[in-house]
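# Fold and geometry: a report
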Amino acid sequence: MRVAVLGAGAIGAYVGASLHRAGVEVSLIARGAHLRALRESGVRVISPRGDFAAHPHATDDPREVGPVDYVFLGLKANQYAGAGPLLEPLLHHSTALIAAQNGIPWWYFHGVPGPYEGRRIEAVDPGGAVSAVMPPERAIGCVVYAATEIAEPGVIRHLEGTRLSIGEPDGTVSDRCRAFADAMIAGGLKCPVEANLRNDIWVKLMGNIAFNPISALARATMAAICRHENTRRLVVEMMRETLDVADALGVHPDVSIERRLAGAERTGEHKTSTLQDLEKGKPLELDAILTAVVELADLTGVAVPTLRVVDALADLLNAHVTATAAPAPVAVPGGAR
Ligand SMILES: NC(=O)C1=CN([C@@H]2O[C@H](COP(=O)(O)OP(=O)(O)OC[C@H]3O[C@@H](n4cnc5c(N)ncnc54)[C@H](OP(=O)(O)O)[C@@H]3O)[C@@H](O)[C@H]2O)C=CC1
Ligand SMILES: CC(C)(CO)C(=O)C(=O)O
């Protein structure tokens, strides 16, 4: 099995290192100081479950890698539309794409019978730009419950959780899912193949949709948001509206708001990835996490006044961050070394 990790950052390098120690042929695609460290010393994972190291091939040029069986996408979702030149050299006729993203994926209505089958969600697939480079037929869904961060270039701090649930958009338990899950499990991760991954998507989303934008707007940790009475109430309201949208789409997440809130509270003084991006001056990954759900509410006729207000505020904040962000290194394969 050949796997390329495109965007081998916090989650990508963790998954790539885990697969490599299971004997999978892995290539990490990264850039900058992190790439230099990966090339020189490999990935070092610091984890409460035991530290480990792995030294897979690392490059910024996917042409060096060539076609693989699986591409694990560790880029931020707002980078997918521009990922065409990076992806193209990695694809053969049946290469599968597994995206680590939080929120609603670009393939959401692919393979799901019903009134919305094949429908494009503008917030996550603007003008079809994402499905043009990542055809939904290639997608294997993924919901990441693990939490990791880049402690320093080449070093991944694993905070909690080892589960990455995967599943086919049409709910079948395919050979390609089983083979990938077996490799992940051999690498020390949990990787159940779910027949109804959309349930997992909404369970995870209930946390992200509330905590990620509020944390950025209020510059607050998860625990602080839970402690403060008004933001705690806001979280509950956002989760309730989110469940209404899921419900209207025929998905009934099997977790109560109280349990989801308690789980988030246990995360403690943790800065969400959105707050971390804000502090680094990086664009916020909220289209998939929040804007897409407002779009789905409009589609299904569900009232989401609270989500709408928070989306407007977060959108304005993001516009400001994006306008003032340092230009990202150009995404040209083989460009910056
Ligand atoms: N980390 C986590 O615990 C979790 C993450 N996720 C999801 O996983 C995805 C990735 O998140 P995360 O790993 O935290 O993010 P990171 O920013 O740590 O990883 C993304 C990596 O991709 C690199 N990259 C971006 N563009 C290119 C390019 N053109 N060529 C090579 N490398 C590139 C980035 O480099 P640079 O820094 O230079 O831009 C960075 O190292 C997100 O969608 C997130 O929502 C989901 C659940 C948990
Ligand atoms: C907030 C958290 C930890 C889970 O809801 C997360 O997934 C993120 O930081 O993006």
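Placed above this text is the structure.
Residues numbered from 1 in each chain as written. Chains lettered and ligands numbered in written order. Predicted model: local features only at pLDDT ≥ 70, side-chain atom pairs only at ≥ 80, totals over all residues. Heavy atoms only, no water.

## Section: the packing of aromatic side chains
Per the counting criterion, the structure on display carries 5 aromatic pairs. An angle of 85° between the planes, with centres 5.1 Å apart, marks the rings of Tyr 108 and Phe 109 as edge-to-face. Lying over the aromatic face of Phe 52, Arg 21 brings its terminal NZ or CZ to 3.7 Å of the ring centre. (Phe/Tyr/Trp six-rings, centres within 6.5 Å; stacked < 30°, edge-to-face > 60°. Lys NZ or Arg CZ within 6 Å of the ring centre and 35° of its normal.)

## Remarks on the environment of Thr 274
One can find Thr 274 in helix α10 (residues 273–279). Look at Thr 274 and you get buried, because its relative accessible area is 2%. For the pair formed by Thr 274 and Leu 87, sequence separation is 187 residues and the distance between their alpha carbons is 25 Å. Not counting residues within four places of it along the chain, the set of residues in contact with Thr 274 comprises Asn 212, Ala 216, Leu 284 and Leu 286. (Helix = DSSP H or I, 4+ residues; strand = E, 2+ residues; numbered from the N terminus. Buried < 20%, exposed > 50% of the residue type's maximum accessible area, 1.4 Å probe, protein only. Contact = heavy atoms within 4.5 Å.)

## Re the site of ligand 2
Around ligand 2, the surrounding shell consists of Asn 102, Lys 204, Asn 208, Asn 212, Met 222, His 270, Thr 272 and Ser 273. At 3.5 Å, a side-chain N or O of Lys 204 approaches an oxygen atom of ligand 2. In the environment of ligand 2, an oxygen atom lies 2.6 Å from a nitrogen or oxygen atom belonging to the side chain of Ser 273. Burial of ligand 2 by the surrounding chains reaches 85%, relative to a free accessible area of 290 Å². Top element by residues in the shell around ligand 2 is helix α6 (residues 197–218). It accounts for 3 residues. (Near = heavy atom within 4 Å. Polar contact = N/O pair within 3.5 Å; in protein donor to acceptor, adjacent residues only side chain to side chain. Areas by Shrake-Rupley, 256 points an atom, 1.4 Å probe, with all protein chains shown as cover.)

## Overview of the site of ligand 1
Neighbouring ligand 1 are 25 residues, the closest being Ala 10, Ile 11, Arg 31, Thr 148 and Glu 285. Ile 11 is positioned such that a nitrogen or oxygen atom in its backbone is 2.9 Å from an oxygen atom of ligand 1. At a separation of 2.7 Å, an oxygen atom of ligand 1 approaches a polar side-chain atom of Arg 31. Look at ligand 1: alone it shows 880 Å² of surface, and the protein chains cover 86% of it. Among the elements of the structure, α1 (10–21) and β9 (147–152) are those that each provide at least two residues to the shell around ligand 1. Among the elements that take part in the shell around ligand 1, β9 stands out by supplying 3 residues, more than any other. Split by residue class, the shell around ligand 1 holds 13 nonpolar, 7 polar and 5 charged. The two domains that each donate at least three residues to the shell around ligand 1 are domain 1 (2–195) and domain 2 (198–324). (Nonpolar A, V, L, I, M, F, W, Y, C, P; charged D, E, K, R; others polar. Domains from an automatic or database assignment.)

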